[in-house]
Amino acid sequence: GRPCGAKQSPPAGSPERSGSDKGGRRSRTAFSAEQVSTLESSFQRQRYLGAAERRKLAGKMRLSEVQIKTWFQNRRMKLKRQL
């Protein structure tokens, strides 16, 4: 066993362990064409998602709520730049 209070090191593939990630940030998500299509159609219906819609979409698409929220923020900024 480990001495009391000693921390176990994270597994090799975990985000904490990768040296190239500065500040503990996760790597960029590569959305599939199907995911982008679903996100775009949701965006056409409503530009802002409530917590319930975000949760539902995240579960359906197997993405985190934060990824959904960030995608919508970025998509709104893209629209703003285009206008």
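Located above this text is the structure these notes cover.
The notes below deal with the structure included here. None of these values were measured; they are calculated from a predicted model. All residue numbers here refer to positions counted from 1 along the written sequence of the relevant chain. Owing to the predicted nature of the model, reporting of local features is limited to residues with pLDDT of at least 70; listing and counting of side-chain atom pairs is limited to 80 or more, with chain, interface and lining totals taken over all residues. Side-chain figures throughout are based on the complete set of non-hydrogen atoms in the structure, without hydrogens or water.

1. Brief notes about the nonpolar core
Then, number 1: We call a set of buried Ala, Val, Leu, Ile, Met, Phe, Trp, Tyr and Cys residues a nonpolar core when their side-chain atoms join them within 4.5 Å. With a 1.4 Å probe rolled over the protein chains alone, any residue whose accessible area is under 20% of its type maximum counts as buried; one over 50% counts as exposed, and the rest are partly exposed. In this structure, Leu39, Phe43, Leu49, Leu57, Ala58, Met61, Leu63, Ile68, Trp71, Phe72 and Leu79 together form the largest nonpolar core, which totals eleven residues.
Then, number 2: Numbering of helices and strands runs from the N terminus; a helix is a DSSP stretch of H or I covering at least four residues, while a strand is a stretch of E covering at least two. If you list the elements that add at least two residues to this core, you get helix H1 (33–45), helix H2 (51–61) and helix H3 (65–82).
Then, number 3: No other element matches H3, which puts four residues into this core.
Then, number 4: Note on contacts: a residue pair qualifies if any of its non-hydrogen atoms lie within 4.5 Å across the two residues. Residues contacting Phe43, with those up to four places away along its chain left out, are Trp71, Phe72, Arg75, Arg76 and Leu79.

2. Things to note about the packing of aromatic side chains
Then, number 1: Ring geometry is summarised as follows: Phe, Tyr and Trp rings, the Trp one being its six-membered ring, pair when their centres sit within 6.5 Å, and such pairs are stacked at plane angles under 30 degrees, edge-to-face over 60 and tilted between the two. Within this structure, the stated rule accounts for three aromatic pairs.
Then, number 2: Note on Phe43 and Phe72: the rings are 5.9 Å apart at their centroids and 55° apart in plane angle, and the pair reads as tilted. With Phe43 in helix H1 and Phe72 in helix H3, this pair connects stretches of sequence that are 29 residues apart.
Then, number 3: Residue Phe43 is classed as buried on the basis of its relative accessible area, which comes to 3%.

3. Observations concerning the layout of surface pockets
Then, number 1: Looking at the largest pocket, its volume works out to about 470 Å³.
Then, number 2: Using a 1 Å grid laid over the protein atoms alone, points where a 1.4 Å probe fits but cannot get out form a cavity; open sets with protein on both sides within 12 Å along at least 5 of 7 lines form a pocket; any residue with an atom within 4 Å of a point counts as lining. What lines the largest pocket is a set of 16 residues, among which Arg28, Thr29, Phe31, Thr70 and Asn74 lie closest to the centre.
Then, number 3: Mapped by element, the contributors of at least two residues to the lining of the largest pocket are H1 and H3.
Then, number 4: If you go around the second largest pocket, the residues you meet are Thr38, Ser42, Arg45, Gln46, Leu49, Glu53, Lys56, Leu57 and Lys60.
Then, number 5: Listed by contribution, the elements that provide at least two residues to the lining of the second largest pocket are H1 and H2.
Then, number 6: For the lining of the second largest pocket, the leading source of residues is H2, giving four residues. Grid points are joined across faces, edges and corners, and a volume is the space filled by probe spheres set on the points.

4. Section: the pattern of salt bridges
Then, number 1: What counts as a salt bridge is simple: a side-chain nitrogen of Lys or Arg found within 4 Å of a carboxyl oxygen of Asp or Glu. As enumerated under the stated definition, the model contains two salt bridges in all.
Then, number 2: The residue Arg75 makes a salt bridge to Glu40 at a minimum N-O spacing of 2.9 Å. Within this pair, whereas Arg75 is found in helix H3, its partner Glu40 is found in helix H1, the two being separated by 35 residues in sequence.
Then, number 3: The buried category is assigned to Arg75, whose relative accessible area is 13%.
Then, number 4: Exposure remark for Glu40: the relative accessible area of 22% places this residue in the partly exposed category.
Then, number 5: As a salt-bridge pair, Glu65 and Arg54 come within 3.8 Å of each other at their nearest N and O atoms. With a gap of eleven residues between them, Glu65 in helix H3 and Arg54 in helix H2 connect regions that are remote in the sequence.
Then, number 6: A relative accessible area of 30% means that Glu65 is categorised as partly exposed.

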